[in-house]
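A closer look at the structure
Listed below are the residues making up each chain.
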Amino acid sequence: AWSIATLRQEPPGLYEEISKLSVSRIAEFQPQALANICWATATLRKENDALIRHAALVAAKHMDAGVHFRPHEYSTIAWSMVLAQAREEHLFHRIAACTIRR
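Let us look at the structure shown here. Keep in mind it's a predicted model, so treat the numbers as computed, not measured. Each chain carries its own residue numbering, running from 1 in the direction its sequence is written. With the structure being a predicted model, the display of local features is reserved for residues of pLDDT at least 70 and the display and counting of side-chain atom pairs for 80 or more, all residues being used for whole-chain, interface and lining totals. Calculated side-chain values reflect all of the structure's heavy atoms, with hydrogen atoms and water omitted.

Counting from the N terminus, the helices are DSSP H or I runs at least four residues long and the strands are E runs at least two residues long. Check the secondary structure of the protein and you find 6 helices and 0 strands. Its helices and strands taken in sequence order, the protein reads α-α-α-α-α-α from the N to the C terminus. For the protein, the share of sequence-separated contacts (at least 6 apart) that also reach a separation of at least 24 residues comes to 70%. As presented, the protein carries roughly 6,100 Å² of accessible surface, and 55% of it is formed by carbon and sulfur atoms. The contact criterion used throughout is that any non-hydrogen atoms of two residues lie within 4.5 Å. Surface accessibility follows the Shrake-Rupley procedure with a 1.4 Å probe radius. Residue values consider only the protein chains on display as shielding.

And the structure:
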């Protein structure tokens, strides 16, 4: 998904397939992969509530479990949620708490 968004060339159906596969395995994604899939979804202006919602839940769970996120991963995920108009308040609160602790 990242390369599709970077190149701004999308073969028909490829993003949808990537999204479908990502939702089913998103619990396995580490912070960089979560940030990348969120960024790609937002950059491509995809309306994919399932992917964004699942990514937000997984990111929040990772943060609760103490998984290390780099500063740009927090900002990329937050930016992506805003651009996708995802109202994931629980995630924004966790991002704020994690960045304040740093």
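Before going further, it helps to spend a moment on the packing of aromatic side chains. Two rings from Phe, Tyr or Trp (for Trp, the six-membered ring) form a pair when their centres are within 6.5 Å of each other. A pair whose planes differ by under 30 degrees is stacked, one over 60 is edge-to-face, and the rest are tilted. Under the defined criterion, the tally for this structure stands at 1 aromatic pair. Aromatic side chains phenylalanine 69 and tyrosine 74 sit 5.4 Å apart centroid to centroid with 20° between the ring planes, which places their arrangement in the stacked category. Note on exposure labels: buried denotes an accessible area under 20% of the residue type's maximum, exposed denotes more than 50%, and partly exposed covers the range between, all computed with a 1.4 Å probe on protein chains only. Given a relative accessible area of 0%, phenylalanine 69 falls into the buried group.

What counts as an axis is a line fitted to C-alpha atoms, over the stretch in contact for a helix, and the angles between N-to-C directions run from 0 to 180 degrees. The interhelical angle for the contact between helix α5 (residues 71-83) and helix α6 (residues 89-101), taken along N-to-C directions, is 155°, at an axis separation of 11 Å. Here α5 is positioned roughly antiparallel relative to α6, judged by the angle of their axes. Like other packed secondary-structure pairs, α5 and α6 cross with a definite hand, here left-handed. Contacts from Tyr74, Ile77, Ala78, Met81 and Val82 in α5 reach Leu91, Phe92, Ile95, Cys98 and Thr99 in α6. Residue polarity follows a fixed list, in which Ala, Val, Leu, Ile, Met, Phe, Trp, Tyr, Cys and Pro are nonpolar, Asp, Glu, Lys and Arg are charged, and the others, Gly among them, are polar. Grouping the amino acids of the contact of α5 with α6 by side-chain chemistry returns 9 nonpolar, 1 polar and no charged. Just so you know how the angles are binned, under 35 degrees is roughly parallel, over 145 roughly antiparallel, 65 to 115 roughly perpendicular, and the rest oblique. Each helix crossing is assigned a hand: it is left-handed if the near helix lies turned anticlockwise from the far helix by less than a right angle, otherwise right-handed if that turn is clockwise.

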